[in-house]
Amino acid sequence: MSRSPLCKPWEHTLTRRQLLGAAAGTAGTIGLGGLGGLVQPAVAEEMKQKEKQVLFMWIDGGMSQLESWDPKPNTQFGGPFRAIPTSVPGVHISELLPRSAKQMHHLAIVRSMCTQDNSHSAGVGRIQRGDPKNRGVTYPYFGSAVAKLMGPCERKLPPYVWVKPGSSGFIHQDAGFLGPKYGALAFGDGKPPENLLRPDTVSEADDAARQKLREAANRRYGELRRPLANDANSYVYDMAQTLMRRSDLFDTSQYDPRDVQRYGTHDLGRHTLQGLKMLEAGVRFVKVNSYGWDTHGDNFNGHLSLMDKFDQAFSAVVEDLADRGMLDHVLVIAMSEFGRTPRINGHVGRDHWPEAWSIAMAGTGLKRGVVAGATNDKGTFVDTDEYDIGHMFHTWFRCLDIDAFKVEYDNGGQPLPIAHDDMQPITAVLA
Amino acid sequence: MPHRVRSLSYLRVLAFAGLVSGSPVLGSIAVAEELLHQRIDKLIAASAAGDLAARAEDGEFLRRVYLDLAGRIPSVAEARAFLDDMSADKRTTTIDRLLASEEYSTHMAEAFDVMLMERRGEHDEWMKFLQTSFAGNKPWDQLVREILAPDAENEAARGAAFFYTKRLERYGQQDDDMPGLVRDVGRLFLGVDVQCAQCHDHLFIDDYKQEHYQGLYAFVGNATIRTDQPFPAIAEKPLMKEVEFTSVFVQVPKSTGPRLPGGEEIELPLFKAGEEYEVPPDRKTNSPGVLKFSTLKILAEQLPRAENEFFNRNIANRLWWLMMGRGLVDPLDMQHSGNPPSHPELLDLLANQMAAHKFDIKWFLRELALTETYQRSGRLPAEGTVPPATSYRAALEKRMSAEQLLRSVLEATGESTRVREEKEGAPKFKDVADRFNKALANPPKEPELEFAPSVKGALFLSNDTLVLSLLERHEGNLVDRLIKLDEADAVAVELYLSVLTRRPNDEERADVREYLDQNGDRREAALGHLAWALLASTEFCVNH
Amino acid sequence: MATTEELKARFAPNEVQQLTTSRQLHTLRFSPCGKYLFGGGYDAAIHRWAVEGDEPFKELPPIEGHSGWVQPLVFAHEAGLLFTADSWGRISAWNYADEAPEAVWTVADSHDGWVRCLSLSPDGRQLASCGSDRMVRIWSAADGTKQTELSEHADDVYAVAYHPGGEFLVSGDLKGVVKKWEIAAGKSVGEFDASALYKHDRIQDVGGVWRLEFSRDGKTLACAGTAPFGGGTVQGVPSIMLFDFDSGQLEHTMKLGAVKDCYVHDLHLHADGFVIAVTSGTPGSGQLLLQVPGEDAPFFSSTKMSNCHSISLHPDGKRMAVSATNRGSNGNGRQLKDGEYAGNNSPIHIFELVS
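Residues numbered from 1 in each chain as written. Chains lettered and ligands numbered in written order. Predicted model: local features only at pLDDT ≥ 70, side-chain atom pairs only at ≥ 80, totals over all residues. Heavy atoms only, no water.

**Comments concerning the overall build of chain C**
Step number 1: Scanning chain C from N- to C-terminus turns up one helix and 30 strands.
Step number 2: In terms of overall size, chain C behaves like a compact globule, its C-alpha atoms giving a radius of gyration of 19 Å where 355 residues would be expected to give roughly 20 Å.
Step number 3: C-alpha extents for chain C along the principal axes are approximately 55 × 45 × 45 Å.
Step number 4: Of all 355 residues assigned to chain C, the portion counted as buried reaches 61%. (Helix = DSSP H or I, 4+ residues; strand = E, 2+ residues; numbered from the N terminus. Rg over C-alpha atoms; globule rule 2.2 N^0.38 Å. Buried < 20%, exposed > 50% of the residue type's maximum accessible area, 1.4 Å probe, protein only.)

**Observations concerning the nonpolar core**
Step number 1: Judged by nonpolar contacts, the single largest core of 123 residues is most densely connected at A:W69, A:F310, A:F314 and B:F540.
Step number 2: Sorting elements by how many residues they give to this core places helix 11 (residues 299–323) of chain A first, with eleven residues.
Step number 3: For A:W69, the contacting residues outside a window of four places in its chain are A:M63, A:H92, A:I93, A:L97, A:S100, A:L107, A:I109, A:R111, A:F310, A:F314, A:S358 and A:A360.
Step number 4: Formed by 104 residues, the second largest nonpolar core is a distinct cluster that contains B:L299, B:L322, B:M323 and B:L497. (Core = buried A, V, L, I, M, F, W, Y, C linked by side-chain atoms within 4.5 Å. Contact = heavy atoms within 4.5 Å.)

**Structural notes on the environment of A:I93**
Residue and element names in this part refer to chain A.
Step number 1: Structurally, I93 is set in strand 3 (residues 92–94).
Step number 2: Remark: the alpha-carbon pair of I93 and L66, spanning 27 residues in sequence, is separated by 8.9 Å.
Step number 3: Those residues in contact with I93, other than ones at most four positions away along the chain, are S68, W69, P71, R82, A83, I84, T86, S100, A101 and R111.

**As for the pairing of strand 16 (residues 177–182) of chain C**
Residues and elements named next belong to chain C.
Step number 1: As judged from the five bridges shared by strand 15 (residues 168–173) and strand 16, these two strands associate in the antiparallel manner. Residue V170 lies in a different strand from strand 16, and its bridge partner there is K180.
Step number 2: Linking strand 15 to strand 16, which pair antiparallel, is a turn of three residues; within it G176 sits at a positive phi near 85 degrees.
Step number 3: One ladder, built from six bridges, connects strand 16 with strand 17 (residues 187–193); its direction is antiparallel. Counterpart to K179 in the pairing with strand 17 is E191.
Step number 4: Between strand 16 and strand 17, which follow one another and run antiparallel, lie four residues, and G186 among them has a positive phi close to 65 degrees. (Pairing = 2+ DSSP bridges.)

**Focus on helix 4 (residues 76–84) of chain B**
Residues and elements named next belong to chain B.
Step number 1: Along helix 4, the residues classified as buried are V76, A79, F82 and L83. Seen from one end, helix 4 has its buried residues packed into an arc of 130 degrees, which puts them on one side.
Step number 2: Residues of helix 4 that are buried in the fold lie against helix 3 (58–70), helix 5 (90–99), helix 21 (478–483) and helix 22 (488–500). (Arc of directions from axis to C-beta.)

**Things to note about the packing of helix 3 of chain B against helix 6 (residues 102–117) of chain B**
To characterise two packed helices, one gives the angle between the axes of the helices and the distance between these axes.
All names here are of chain B.
Step number 1: Where helix 3 contacts helix 6, the axes come no closer than 7 Å and their chain directions differ by 70 degrees. Considering their axes alone, helix 3 and helix 6 lie roughly perpendicular with respect to each other. Residues L67, D68, L69 and A70 of helix 3 pack against E103, Y104 and H107 of helix 6.
Step number 2: Per-class residue counts for the contact of helix 3 with helix 6 are four nonpolar, one polar and two charged. (Axes fitted to C-alpha atoms, helices over the stretch in contact; angles between N-to-C directions. Parallel < 35°, antiparallel > 145°, perpendicular 65-115°, else oblique. Nonpolar A, V, L, I, M, F, W, Y, C, P; charged D, E, K, R; others polar.)

**Digging into the environment of B:D480**
Residues and elements named next belong to chain B.
Step number 1: Residue position: D480 is located in helix 21.
Step number 2: When the C-alpha atoms of D480 and E524 are compared, they prove to be 8.2 Å apart, with 44 residues separating the residues in sequence.
Step number 3: Residue contacts for D480: discarding those within four places in its chain leaves R473, H474 and E475.

**Some details on the sheet that holds strand 11 (residues 126–131) of chain C**
Residue and element names in this part refer to chain C.
Step number 1: Taken in spatial order, the four strands line up as 10-11-12-13 in an open sheet, and their pairing is antiparallel. The sheet is open, and its two edges are formed by strand 10 (115–120) and strand 13 (146–150), each paired on a single side. Ignoring strand direction, the axes of neighbouring strands in this sheet form an average angle of 20 degrees.
Step number 2: The pairing of strand 10 with strand 11 spans five bridges and is antiparallel. Counterpart to C117 in the pairing with strand 11 is C130.

**Some words on the pairing of strand 7 (residues 184–188) of chain A**
Residues and elements named next belong to chain A.
Step number 1: Most of strand 7 sits out of view: five of its five residues are buried.
Step number 2: Of the two faces of strand 7, the one carrying A184, A186 and G188 and the one carrying L185 and F187 are both buried.
Step number 3: Here strand 5 (residues 160–164) runs beside strand 7; their pairing, made up of four bridges, is parallel. The residue of strand 7 that forms the bridge with V161 is L185.
Step number 4: Across three bridges, the pairing between strand 6 (residues 169–171) and strand 7 is antiparallel. Within strand 7, the residue paired with I171 across the bridge is A184.

**Concerning the packing of aromatic side chains**
Step number 1: Taken as a whole and judged by the stated rule, the model has 55 aromatic pairs over all chains.
Step number 2: A ring pair is formed by A:W353 and C:Y341, whose centres lie 5.1 Å apart and whose planes are at 65 degrees; its orientation type is edge-to-face. One end of the pair, A:W353, is in strand 11 (residues 350–353); the other, C:Y341, is in the loop between strand 29 (319–325) and strand 30 (348–354), on a second chain.
Step number 3: Among the residues examined, A:W353 registers a relative accessible area of 0% and is labelled buried.
Step number 4: Each ring, one from C:F168 and one from C:F245, has its centre 5.9 Å from the other, and the planes form 65 degrees; the classification is edge-to-face. Note that C:F168 is positioned in strand 15 and C:F245 in the loop between strand 22 (235–244) and strand 23 (250–255), a separation of 77 residues in sequence. (Phe/Tyr/Trp six-rings, centres within 6.5 Å; stacked < 30°, edge-to-face > 60°.)

**Side note on the domain arrangement of chain B**
Residue and element names in this part refer to chain B.
Step number 1: Domains assigned within chain B are domain 1 (8–100 + 306–391), domain 2 (105–302) and domain 3 (398–543).
Step number 2: Each of domain 2 and domain 3 was reduced to a C-alpha centroid, and the two centroids are 42 Å apart.
Step number 3: Tallying the contact residues gives ten residues for domain 2 and 15 residues for domain 3.
Step number 4: Between domain 2 and domain 3, roughly 930 Å² of surface is buried when both sides are summed, and carbon and sulfur atoms account for 42% of that area.
Step number 5: When the buried area of domain 2 at its contact with domain 3 is split by residue, E110, E118 and R119 rank highest and sum to 57% of it. (Domains from an automatic or database assignment. Buried area = accessible area lost by both parts, 1.4 Å probe.)

**What about the environment of B:T94?**
Residue and element names in this part refer to chain B.
Step number 1: Relative to the elements of secondary structure, T94 occurs in helix 5.
Step number 2: Accessibility expressed as a relative area gives 4% for T94, which makes it buried.
Step number 3: Once you skip the residues sitting within four places of it in the chain, T94 turns out to touch L62, V65, Y66 and F82.

**Some words on the sheet that holds strand 30 of chain C**
Residue and element names in this part refer to chain C.
Step number 1: Taken together, four strands build an open sheet; the order of strands is 1-30-29-28 and the sheet is antiparallel. Each end of this open sheet is capped by a strand with a single partner; those strands are strand 1 (11–19) and strand 28 (306–313). Put simply, the sheet's adjacent strands are angled 30 degrees from each other on average, direction ignored.
Step number 2: Inspection of the sheet shows strand 1 paired to strand 30 by six bridges, in the antiparallel sense. In the strand pairing of strand 30, Q18 is matched with H349.

**Description of unusual backbone geometry**
Step number 1: In this chain, B:D330 is followed by B:P331 through a cis amide linkage whose omega measures 0 degrees.
Step number 2: Mapped onto the fold, B:P331 is located in the loop between helix 13 (309–324) and helix 14 (344–356).
Step number 3: Note that the residue after C:T282, namely C:P283, is joined by a cis bond; omega there is -5 degrees.
Step number 4: Assignment of secondary structure puts C:P283 in the loop between strand 25 (275–280) and strand 26 (288–291).
Step number 5: Even without a glycine there, the phi angle at B:E118 is positive, about 45 degrees.
Step number 6: Relative accessible area serves as the criterion here: at 4%, B:E118 is assigned to the buried category.
Step number 7: With a phi close to 50 degrees, B:E422 is a non-glycine residue in the positive phi region.
Step number 8: Relative to the assigned elements, B:E422 resides in the loop between helix 17 (416–420) and helix 18 (429–440).

**A closer look at the packing of helix 13 of chain B against helix 14 of chain B**
Residues and elements named next belong to chain B.
Step number 1: Their axes nearest at 8 Å, the elements helix 13 and helix 14 cross at an angle of 105 degrees. Judged by the inter-axis angle, helix 13 sits roughly perpendicular to helix 14. Contacts between helix 13 and helix 14 involve E309, N312, R313, I315, A316, N317, L319 and W320 from the first element and L346, L347, D348, L350, A351, N352, M354 and A355 from the second.
Step number 2: Considering only residue class, the contact of helix 13 with helix 14 consists of ten nonpolar, three polar and three charged.

**What to know about the side chain of C:H163**
Residues and elements named next belong to chain C.
Step number 1: For H163, the position within the fold is in the loop between strand 14 (157–162) and strand 15.
Step number 2: With a relative accessible area of 12%, H163 lands in the buried category.
Step number 3: Excluding anything up to four places from it in sequence, H163 contacts P122, F168, F214, G218 and F245.

**Points about helix 11 of chain A**
All names here are of chain A.
Step number 1: Along its 25 residues, helix 11 runs 34 Å from first to last C-alpha, staying within 8% of the 36 Å computed at 1.5 Å per residue.
Step number 2: The element helix 11 is largely enclosed, with a buried count of 21 among its 25 residues.
Step number 3: G325, located one to two residues past helix 11, shows a positive phi value of around 75 degrees. (Expected span 1.5 Å × (residues − 1).)

Laid out in structure tokens, this is it:
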């Protein structure tokens, strides 16, 4: 059969162990208190105080490391492009990143990513879930993990917001075993969710009054009930209320036109600028998404066009976060599910290459202006220590002051590590 | 007396599954003296390992049984009548009355549409097929047979083909979903998900072999959509050779003919080219012809039958889930030896009884509804301990589908008649239904198995003008009735009975009084707020 | 004009030789003297083969000095020069017939980045270039002195071509804008709308005017590329748009395959009124086609070669070279060959064109 395989990673993760657990009544009963699922409440309390935030730029389909952070100009697989110097002496990146090159002194690049998944269907999920050792459960995406481990910021906006092209919705699948409420609130094309605005017939005071009545009803219902449904239902109403109060976040007409030009008038530029506004408003974790990077054909013209947009948006947001002093508490990550093959196929494209690729980061907890790891001269394989996505999760948690060796998830009594337990943070990029 | 001799292939099924406990309940139908619902309660009680919740109060029971059997909450009149009814058998008579109602077949059609199509799309002929099936209490095996080998000549049942055609549809760049179809035949009718065995033996589930995926594929792989009919219809190409496949891991070429998981491989007859048809296809009349060897017909004969233990267990488990909120095997489509049921003996009993009663869905649901297990309260037996969901010691909260919510909101607000009959100024039922679906149903292909509230849904119930319009005063609706009541206490009772199918407690009565007192000059708005708060509450939004 | 049947009888390409390469080539061109075949590579080299009668082509040491990719190869017959350019902005002129050709002149930074195309004026005195810096520039063919700069394009300029009359130059860009320049005035005097060769998909600009070719009489301008379907893994229908040069009217669009075949990578407008084109795309692997404009189907096509990128007609008119890609070029290449990560290469197929 020539049909594409249907296997999805989350289905592969249903193991006997989970199913036995489920049968015994352990799985599925998920503690729903904001941080109640953590093993050590004291640590949880401590973390709750921090207002660290994350901007996660997901470049879906696979950005070519050779056309971005790890150029190998004038080599067999180097492609047509040049490397250019950056604001950090000695560090060169692709000429397709001229603006980002000027922000290099804020960045931390890892050039020695070596991950496991060679397909999108597996990679997109596994990479964003940190590919922990198989524990028989579906792990949360990084955004859901942060939403669970850190909760919303003090301003009580949804902790995990996803600005993306296409449709809106509440993407509960991201949350895995943490339970639906840690999913992503997706704003399709950055637009406000439907029914965000209170109709004229309901005044602000009336709305507050009826919500109070609803809360009282839920409080009464919750007595002597399993907490799951009632908590989840109350939670989505709280979040809806917060969003209604911040409907200005979606009013892009108020943005400074100079910013709009600087970030780019394309989707990625607009969504990244909106992501910055969300961070400023107090969203804990903002994911900005660009699709269409799977350049199996016409890779070089493709990257010439795509990288220009990425460069514009990424450099602008790093610059703005730095200018506002926000890099001290915001972690910025830009990455794909894998890199692209060194070898160039007959369609003048590059295929999937998890063996040796790069991730760009900036911000809290990280050194500034560093490159960690290296590939060999041809860019085919990693020449230094290889880092899997588990190393990155450890690194990011460290940046967010979460000790991945102490903090665990509590999946209905089953303790689960928050990052791959055989891996460690990458000290070379940690401040 | 049902046929109890195990065929060879049945033994194979058991060996494959390693599931059957060898319990004496097998084959003991003839000697059974107790009714099924009594035996269920005994088995549940025997493994409860803790206090059982009290019997649900009348209101709690009534709301649940209406939602489960009629797809809506009871009207205020129905609630009042039931609560005031002093007869001892009022629960049983209500169950029987609901099972006999037209609303039962509508609700079951909607519930099975969601289960079998998983929000892939709608079709009137498909809904007609389901509706008439449940109205006539069509045995489950026959219903499945009609789905698996749809008959375009049978006008009442031809819509069954939608199960195939929707999955085989192509649109835009989207190819047909044949792998999804193969998978769904296994998931929905056998309770086994062979998806990951498409390309290799399942990595974690030893029972699921690549042969099982490929064997199922051999049955349905030649189905194609007929484009010559305005209704869903399929044609079938002859299966000329075995399905060849190679594991992506071991690279050893294998092949198989049609074969059910655990069943015998079916030998392919050899036909000379051109002789595969009993009645050859005719291009002029667009007739697809009649095959001498139709794998779909064989599938329809072999899969839905009492000898197929997977089939029996799957429907028993799914109907149990529908009523009780959790499958004895959970997830529903993960029947295999590594995932035993929470109550193995009970599942055996249910599966066998289902088969023994010729797959009589109504009888089965009635037995479940009559159990103490079903009629237990959702309030936990003791403070501080949450009994495991698998114990069934307290009733589990169930998701309300968009359809159930819609009908219940209309019932609660007293707007059901006005909207359904499209009275002047009333929104059209279809429009309201579409809005509820959009806001509250899952996206396509995502099973709706558990309560999963969303911000989108919360914003919908909070701000959608159509929803809010139901809380404005119209003649005879809830707010209108409430306005006409002078006493705050009477308002509270009418409100709670209408929305939550119970009378308010003292605290709730006091709250209603206080809120009305605070808003004495704007009674209509205040009543709207009180009603809205109950509609948005968890107590209303889940089937508890 | 010959009928298609006659063409079919006369032109039936028959492969007579295959050359192997260790690297991938972008462009393949016979020298006007017919004694050499040159290939511009992804390895910054200019590969060479000596052509003698029916003898097997003999590979000569490549010409080094470029960087990145060498894309355009253009000859000045009388001057005996080969002009080449690379993706880092360098243009060089070589005495190509020398045993070890050396650069006669070089402009290291003719463009900021990728030089996509070169074209020599009919009188052999000017060389036009265009590139990713959105510029069209005109150089002295004799010494590389910059003469004119044409800066009206808003996007990457992919192709440039002199009109056979010598008075006009055309240049085509990413968005399908083809400008007609009056060289003496140094300004554009008209446009051809080839925007069908462009699409904005998500955040990607897809397609562009990849090739510009004039018919010998200068009446027809061919703009080749793809009618894009989508970006990422770029797909589209390989297309050649034929314009009447004087009126600027689109006369005909040749569709040379399916969405999977994607780009017309190279083409030759044959003196007998048909087009020789090679296509390459995803997930298809393209084909070689001989097709008469206005007809629905090619009178000859071959899918035997995988992903052909260039085609060159020998000056004798009887032979033709096509560069393709090795089979199995897709995939990650993780299976190492002798411990080495293997790259792809461009086998060259030599055809007898005339039966």
